[in-house]
Amino acid sequence: MQVIYPGSFDPVTYGHIDIIDRCSKKFDKVIVSVLNNRAKKNLFTIEERVEFLEKALKDYDNVEIDTFSGLLVDYARKKGCTTVVRGLRAVSDFEYEMQMALMNKKLEKDIETLFMVSSGKYAYLSSSIVKEVAMFGGDISCFVPAEVEKALREKIKGGLK
Ligand code: COA
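Because the structure is predicted, anything quoted here is derived from the model rather than measured.

A. View of helix α4 (residues 91-107). For α4, built from 17 residues, the straight-helix expectation of 24 Å at 1.5 Å per residue is met to within 8% by its first-to-last C-alpha distance of 25 Å. Looking only at α4, the buried set comprises D93, E97, A101 and N104. On the buried face of α4, the contacting elements are α3 (72-79), β4 (83-88) and β5 (112-117).

B. Layout of the site of the ligand. Around the ligand sit 25 residues in total, of which S8, L72, Y96, S127 and S128 are the nearest. Between an oxygen atom of the ligand and a side-chain N or O atom of S8, the distance comes to 2.6 Å. For the ligand, whose free accessible area comes to 940 Å², the fraction covered by protein is 82%. Elements that contribute at least two residues to the shell around the ligand include exactly β1 (2-7), α1 (14-26), α4 and α5 (127-135). At 4 residues, the largest contribution of residues to the shell around the ligand is made by α4. Of the residues contributing to the shell around the ligand, the split by class is 11 nonpolar, 11 polar and 3 charged.

C. Representation of a nonpolar patch on the surface in the model. Residues V91, F94, M98 and L102 make up a contiguous nonpolar surface patch of about 410 Å² in total accessible area. With a relative accessible area of 53%, L102 lands in the exposed category.

D. Region of the structure containing the pairing of β1. For β1, the tally of buried residues reaches 5 of 6 residues, placing the bulk of the element in the interior. Two elements, β1 and strand β2 (residues 29-35), share 6 bridges in a ladder whose sense is parallel. Directly across from I4, in β2, lies its bridge partner I31.

E. Summary view of the environment of E47. Here E47 shows up in helix α2 (residues 46-56). By relative accessible area, which is 55% here, E47 ends up exposed. C-alpha of E47 to C-alpha of V34: the two residues are 13 residues apart in sequence and 9.8 Å apart in space.

Rules used in this analysis
Residues numbered from 1 in each chain as written. Predicted model: local features only at pLDDT ≥ 70, side-chain atom pairs only at ≥ 80, totals over all residues. Heavy atoms only, no water. Helix = DSSP H or I, 4+ residues; strand = E, 2+ residues; numbered from the N terminus. Expected span 1.5 Å × (residues − 1). Buried < 20%, exposed > 50% of the residue type's maximum accessible area, 1.4 Å probe, protein only. Contact = heavy atoms within 4.5 Å. Near = heavy atom within 4 Å. Polar contact = N/O pair within 3.5 Å; in protein donor to acceptor, adjacent residues only side chain to side chain. Areas by Shrake-Rupley, 256 points an atom, 1.4 Å probe, with all protein chains shown as cover. Nonpolar A, V, L, I, M, F, W, Y, C, P; charged D, E, K, R; others polar. Patch = residues over 30% accessible without salt bridge, like charges linked within 9 Å, V, L, I, M, F, W, Y side chains within 5 Å. Salt bridge = Lys/Arg side-chain N within 4 Å of Asp/Glu carboxyl O. Pairing = 2+ DSSP bridges.

Shown next, in the form of structure tokens:
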């Protein structure tokens, strides 16, 4: 079975990588789908976000990195994959995730959303919190791959836009 793991990944963190790693052991193929949404103000471009993922996941034979725009259900149909995986970090994620899962189901009855519980050690991570810690000079090396850390530091030096 193949699954789609969608998100903004701005940038990818070890929390995302943990979910992808565990999915790669349970499913034949994991399609990591980066949302290309011009309306959302991302720190990193779609190309940068994809590159970070490609580098971090280069050793996984059954992980594909892709991008999408528009509705997730339309993309899923196009990919011929009707199973979406989302990570759940805390109870606070649940309401939003439930709403998305139900909306997706309403839009496309064949879509199923599977929730994977985050590893405890990453349950408090988010891309924004990592960016904030980096901005104030905190150590982020245990939250993101070295490439991402370097790129974040460079963005900060160049002045965050
Ligand atoms: N570990 C660490 N952080 C995690 C995480 C994990 N396992 N899972 C999620 N996060 C963080 C992300 O880093 C992100 O942090 P941020 O808000 O600080 O940037 C946050 O949780 C949100 O996660 P993300 O997975 O990027 O979701 P999203 O809400 O940006 O996007 C989509 C979710 C892409 C699936 C959704 O917006 C979508 O499908 N959009 C397409 C349009 C559509 O179909 N809309 C209708 C659907 S209802």
